[in-house]
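One letter stands for each residue in the lines below.
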Amino acid sequence: MEIKKEEETKEISHEKGDDDAATAAVAEEKMKLSVDEVIEKYVGSFGLSQILQVVLVSFSWVFDSQNTLVTIFTDAQPSGWRCKTSAINASLSPSWCMNDTAGGGGNEGQLAGHVCGLAAGSWEWTGGNSATTIAEWDLICHRKFLAAIPTSLFFIGSIFGCTFYGRLADVWLGRKKTLLLACILTSITTFFASLSPNVWIYSFLRFANGFARSGNGICSIVLSMEVVGNKWRGQVGQYGFFFYTAGLLSLPFIAYPIRTHWRYLYRIISLPPLVYIFLLVPLVVESPRWLLVRGRNKEALEVLRKLARWNRKKLPDNIELIIPSQATTTGSEGDKDTIGDENENIWTTRWAAKRMIIVMLFGFGVGFVYFGIQLNTENLNFNLYLTVIINALMEIPAIIIGGILLSFTNRRLLSSLSAISAGVLCILCIIFTTASSKNTSSSNWPKLTIEAIGFMASSITFDVLNIYCVELFPTNVRNFAVSMSRASLMLGASLSPLLVAVGRLSPSLSFIVLGALSIVSGTLSVWLPETRNAPLYETLKQQEEEEEEKRRRLRQPTVV
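In this text the structure is predicted, and so the values were computed from the model without any measurement. Residue positions are given per chain, counting from 1 as you read along its sequence in written order. The model is predicted, so local features are restricted to residues of pLDDT at least 70 and side-chain atom pairs to those at 80 or more, both for listing and for counting; the totals for chains, interfaces and linings are taken over all residues. Think of the side-chain values as coming from all heavy atoms in the structure, minus any hydrogens and water.

## Focus: the overall build of the protein
Under the DSSP-based scheme used, a helix requires at least four consecutive residues in state H or I and a strand at least two consecutive residues in state E, with every element numbered from the N terminus. Summing up its helical and strand segments, the protein has 25 helices and 4 strands in all. Whether two residues are in contact is decided by their heavy atoms: any pair within 4.5 Å suffices. Of the contacts formed within the protein by residues at least 6 apart in sequence, a portion of 83% connects residues at least 24 apart. Where accessible areas are quoted, they stem from the Shrake-Rupley method and a 1.4 Å probe; at the residue level, only the protein chains shown are allowed to cover. Accessible area of the protein: about 23800 Å², with a carbon and sulfur share of 64%.

Here you go:
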C-alpha cells in the first residue's frame, strides 16, 4: 500500500510539474507590445470607440471658448449714449447731445469729444448701465485702460493654470480626473464672476476663471490623440476644434437676447460644465499611455480591451504592454510608480528644453494674433454680433482645410505658412482703414472680408500648433509640454486686450502689430523637427534614443 501511495504521489507531482512547465511556456509566449502596436494591430486605428472618446472629451472645448471670449460682449464698448432730458433743458443744447456712437461699435475718440466733457449725471447709456461692464463701472475716458485688465488677467490666470494642470495630469490625477476638476472649477468661477460688485473683484474672478478653464483644452486634446493610430492623430486633434467653434458661435446667440444684462450671460454659460460633469465625463476612458507610464499595466490593458470591444474586436489573452526602450525594467502589475526614471524632466533634458522654448516663442505670437483678431472685432466699426458670427463660421473651413492638409502636409510647413499668411492679411486690412473711418457699410465689407480670411489662417496655425506640440514630446511629459505651449499662447493673449484699447484710438496700429508678430512667429517653426507619421514616444529617454538612431540612419550613405 505504501509503495502504491508513493507512486500516486510521484504521478501527482509529475502532473503538477507538467502544469507548471505549461504555465511557464505560456508566459514565455506572451506578446510584448507597445500601446501603438496594440492599437494598430488589434484595437483599430480609428474605430467607433475612438470616435466616441473624441466626441465626449471634445465637448469641454465648448466651455473653453465660451469662457475665453465671453468678454467680447460683456466688456464691449457700449453702442451709444444720450443726454438726459433734464440736462438738455437746463444747460446743454440738443446739438451737443448728438450721439455719434449710435449704431457703430463704439469709438473712444468720439466719446472723448462728448461724454468725457459732460458732467456726471447729465447723460446715460442708451442700452442701460447693466449692458456691459464698461457701462456699469464707467470704464471710459481716463479709466479706459481699466477695461482691459479683466481680460488680461484671465489669460494670465490661464498661464498659471496651464502649469498646474499639466503637472497634475502627468504625475498625479491623470487626464480624465484633471478634466473633471477643471470643469467643476470652471462652472464655479464663471458663476461667481456674475456677482462681481466692482471692476477689481471682477478682474480677480476672471483671473480665477482663466486658471480654472485652462485644464479643459489641455486634457481634451491629449485624451483624444493618445487613443488613436498614428495616421489619425492630426485629423483627430483638428476636428476636436469644431467644438471650440461651436462654443464661439453660440455666444452671440446667447448674448443678443440678454444684451442689456451682462451678468446673465455669465450665469448661463456656467451651467453647461455641470451638465457635462454628470452626463458625459463618466463615459470617458483614461489614457492607456498614461496608465502604462505610471506602472498601472493591468488598467491600461483593460482600457485597450474596452476600446477593442466597442470596435467589435478582441485582444489576445497573452498580450503584455511594454515601453519599447524599457522592456527589461517594467515594474510589477499594479505598481503605481512611474516606469523608468522619475526625474526625467523637460528642463533638465537639453534637446527637450530647446524644443520647448521654440514652441513657447511660437505660441506667444500665435496666441497674441489669434485672440487679438477676435477681441479687436469692435475696431472694425461693424455690427459686433454679426462680426463674431462671421469669425466663428470662418473657423469651420479652417478646421476642414487644416484637417485635410494635415493628412499629407508636414506640420512644420503648414504651421509656418498659415502664420505668415495671417500676418500678411492683417497688414492688408490697413489699406481699408481710412475708407472704413467714414463708417459706411460699403467701405467696411472689404476690410471685414480680409480680416475674416486672416482669422481663418490664424485659426489653422492655432489648431496645428496644439497638435504639433502633442507629437513633439513623449507621454511622461506630454501634458506638461502641452500646458507650457498653451501657457505661452495665453501669455500672448493676455497682451491682446491692451492692443484692442490702443486700437480704439488707432485701428491701423493694431493691425500692423498683429501682422508683424504673426510673420515673425511663422519663421520660428523652421527650427522644429517634423513629426508627421512619427510614433508617439512614451519617455524622454526612449524618444532621444530613437530619434538619434533615425538621424544616424539618415546620415549613412545609401549602398547600391
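On we go from here.
## Examining the pattern of salt bridges
As a working rule, side chains carrying opposite charge can pair if their charged atoms are close by. Any carboxyl oxygen of Asp or Glu within 4 Å of a side-chain nitrogen of Lys or Arg constitutes a salt bridge here. Overall, the coordinates contain 16 salt bridges when judged by the stated rule. Two residues, Arg289 and Asp36, come together in a salt bridge whose shortest N-O distance is 2.6 Å. Of the two residues, Arg289 sits in helix H16 (residues 288–293) while Asp36 sits in helix H2 (residues 35–43), which places them 253 residues apart along the sequence. For Asp36, a relative accessible area of 12% puts it in the buried group. Here Arg411 and Glu471 are joined by a salt bridge, their closest N and O atoms 2.9 Å apart. Placement of the pair is Arg411 in helix H20 (residues 411–428) and Glu471 in helix H22 (residues 441–472), with a sequence separation of 60 residues. Residues joined by salt bridges that share partners form a network here, namely Asp170, Arg175, Glu226 and Arg478. Burial here depends on accessible area, computed with a 1.4 Å probe over protein chains only, as a share of the maximum for the residue type. Under 20% is buried, over 50% is exposed, and the range in between is partly exposed.

## What to know about the nonpolar core
In a soluble, globular protein the nonpolar side chains are often hidden away together inside. Definition used in this section: a nonpolar core is a set of buried Ala, Val, Leu, Ile, Met, Phe, Trp, Tyr and Cys residues joined via side-chain atoms within 4.5 Å. Core analysis: the biggest nonpolar cluster contains 119 residues, and Phe73, Ile221, Ile346, Phe371 and Phe473 have the highest contact counts within it. At 14 residues, the largest contribution of residues to this core is made by H22. The residues that make up this core include at least three from each of domain 1 (29–78 + 124–325) and domain 2 (345–543). Here Phe73 is in contact with Thr132, Leu251, Pro252, Ala255, Leu265, Leu384, Tyr385 and Val388, once residues within four sequence places are set aside. Core analysis: the second largest hydrophobic core is formed by 24 residues, Ile39, Val228, Leu307 and Leu321 among them. Domain start and end points were adopted from an automatic or database domain assignment.

## Some remarks on H2
Burial in H2 covers these residues: Val35, Asp36, Val38, Ile39 and Val43. The buried residues of H2 occupy an angular sector of 165° when the element is viewed end-on, so they sit on one face. Among the structural elements, strand E1 (31–33), helix H3 (48–58), H16, helix H17 (297–310) and strand E4 (319–321) are those in contact with the buried residues of H2. Once H2 ends, the next one or two residues include Gly44, with phi positive near 115°. Throughout, the arc means the angular range of directions from the helix axis out to the C-beta atoms.

## Here we look at a nonpolar patch on the surface
Residues enter patches when they are more than 30% accessible in relative terms and free of salt bridges; like-charged ones are connected within 9 Å and nonpolar ones (Val, Leu, Ile, Met, Phe, Trp, Tyr) within 5 Å. On the surface, Tyr239, Leu393, Ile396, Ile400, Ile404 and Phe408 cluster together into a nonpolar patch covering about 520 Å² of accessible area. Broken down by element, the residue count for the nonpolar patch peaks at 4 residues, all from helix H19 (residues 384–406). Looking at where Leu393 falls in the secondary structure, it is placed in helix H19. For Leu393, a relative accessible area of 39% puts it in the partly exposed group.

## Some thoughts on the packing of aromatic side chains
Classification of ring pairs rests on two measures: the distance between centres of Phe, Tyr or Trp rings, Trp counted by its six-membered ring, which must be within 6.5 Å, and the angle between planes, read as stacked under 30 degrees, edge-to-face over 60 and tilted in between. Under the criterion given, the structure shown has 26 aromatic pairs. Aromatic pair Tyr244 and Tyr370: ring centres 6.3 Å apart, planes at 45°, arrangement tilted. Of this pair, Tyr244 sits in helix H13 (residues 241–255) while Tyr370 sits in helix H18 (residues 350–375), and the two are 126 residues apart along the sequence. When sorted by exposure, Tyr244 lands in the same class as Tyr370, which is buried. Note on Trp262 and Tyr266: the rings are 6.0 Å apart at their centroids and 85° apart in plane angle, and the pair reads as edge-to-face. With a gap of 4 residues between them, Trp262 and Tyr266 both fall in helix H14 (residues 262–269), about one helical turn apart. Accessibility assignment for this pair places Trp262 and Tyr266 in one class, buried. Taken together, the ring pairs in this structure connect Trp61, Phe154, Phe155, Phe241, Tyr244, Tyr370, Phe371, Phe455 and Phe462 into an aromatic cluster. A positively charged side chain is recorded as over a ring if its NZ (Lys) or CZ (Arg) lies within 6 Å of the ring centre. The angle to the ring normal must also be within 35 degrees. Sitting above the plane of the Tyr256 ring, Arg259 keeps its charged end 4.0 Å from the centroid.

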